[in-house]
Each structure stands twice: as structure tokens, then as C-alpha cells.
Amino acid sequence: MYKHIVFLFLMLCCFDIYASNCLETIWGVNNTTEEEKKFDLENDLTQYGVSYSCYAVMSASQIEKFLRQLKEAIDSGNQIALSNMFKYPFYVYVNTQHASDGKVVNAIKIASPKQFKSRYETIITPMISRLIRCSSLKNMATTNDGEIYMGLGAVTFAGRYKNQRRKREIEPLITSINLKNTEAEIHNMDSISCL
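Residues numbered from 1 in each chain as written. Predicted model: local features only at pLDDT ≥ 70, side-chain atom pairs only at ≥ 80, totals over all residues. Heavy atoms only, no water.

Draft legend 1. Representation of the overall build of the protein in the model. Helix and strand counts for the protein come out as nine helices and six strands. Taken across its 195 residues, the protein has 39% of its residues classed as buried. Restricting the contact set of the protein to residue pairs at least 6 apart, pairs at least 24 apart contribute 58%. (Helix = DSSP H or I, 4+ residues; strand = E, 2+ residues; numbered from the N terminus. Buried < 20%, exposed > 50% of the residue type's maximum accessible area, 1.4 Å probe, protein only. Contact = heavy atoms within 4.5 Å.)

Printed below as a string of C-alpha cells:
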């Protein structure tokens, strides 16, 4: 029993040091203000206690800024701003059942901002809009491959370098929309009040 307590204590100490190093690395890449650093230290953990900075390689302030811009674009119906928040190509999963060969069935590939605008109503449904409005740092999580997801994976996004050569300034971009997971997640969020 004693060994387990010592091991747990060491894991917690090491995780704190590990998460701190991840934030310092991100701050070194981005022009981070002291106010943003303070916000990052206070908000780096997902709802499951996992560090955004270590798994998603983005700071809480970057994610919060992206969420604010995303919500503003959704609320105003600004299709141009929204189309610039996606990594192309991306997929809209209507049904996540897999064919026998492992390929996703009923997925719509969106290859460009022009295609996004023409399929806007299919992609940004009322449920997706509501899920985005209800999302915050406190109710999102990360995947092991560096994506952040809202709901049960209904909307996922990941960071990428604005300039691939210079490796500076990471920007979040939406990588997929999963309409099948949205309805289930909205039912889970019904008790949550959001704007």
C-alpha cells in the first residue's frame, strides 16, 4: 500500500513538471503575454485532468481564443470566417459504421472553402451550433494523437503551424465533424446551461 502511495505521489509531481515543460515549449513558439501565461497555468487541464499543452500542443489561451472566434462566427452566420477555421480536406461523418474493408461509410469529404460554403447547412447543423456554443475548456478533452474534441467527438480540432517552414505560431483548425455523435452529446448536455 505504501509503495502505491509513493508511486502516485511521484507520478503527480512528475506530471506537474511535465505539463509545465509543455507550456514553456508552447510559450517559446508563440508570442505569449504574461496574462495569457497565467490563464494557461490555471486552465491547462481537460475535464479528465489531462494537460492540453502536452497532448494537443496548444495552450489554454490559444484554445479559448479559437473557441471565442468559432462561437462568434457561428452566432453571426459568417460562412467565410467559419470556412477559414477548417483544415482541408476534412470529413463530415454522417454515419460512423465501417465497411468490411475498414473504410468509413457515409462520410462527406469537404476539399475546399468553396465546397464548405456549398454544404454549409449539412455541416453546421443546429445541433453542431449548439454543441459549439456549449463547449468550453472545462468540458472538452484531448485524444492521444493531439486532437481536441467537443462532445463525444462531434467536432474535433488540432493545432498546426501557420508557417510550416518557420515552425512559429500554432493555430487551431477543425479537422472533422461527426453528426452521428452530436445528437447523443446534446442529450448529455441538456442539463448544462449555455449561451
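Draft legend 2. The arrangement of the state of the cysteines in detail. Scanning the entire structure with this criterion turns up one disulfide. Covalent S-S linkage joins Cys22 and Cys54, the inter-sulfur distance amounting to 2.2 Å. Between Cys22 and Cys54, the S-S dihedral sits near 105°, and the bridge is therefore right-handed. Here Cys54 lies in helix H3 (residues 52–55) and Cys22 lies in helix H1 (residues 2–29), a separation of 32 residues in the sequence. (Disulfide = S-S within 2.5 Å.)

Draft legend 3. Representation of the pattern of salt bridges. Per the counting criterion, the structure on display carries two salt bridges. With a shortest N-O distance of 3.6 Å, Glu34 and Lys37 are connected by a salt bridge. Residue Glu34 and its partner Lys37 are located together in helix H2 (residues 34–43), separated by three residues, close to a single helical turn. Between Arg133 and Asp75 there is a salt bridge; the shortest N-O distance is 2.6 Å. Of this pair, Arg133 sits in helix H8 (residues 126–134) while Asp75 sits in helix H4 (residues 60–76), placing them 58 residues apart in sequence. (Salt bridge = Lys/Arg side-chain N within 4 Å of Asp/Glu carboxyl O.)

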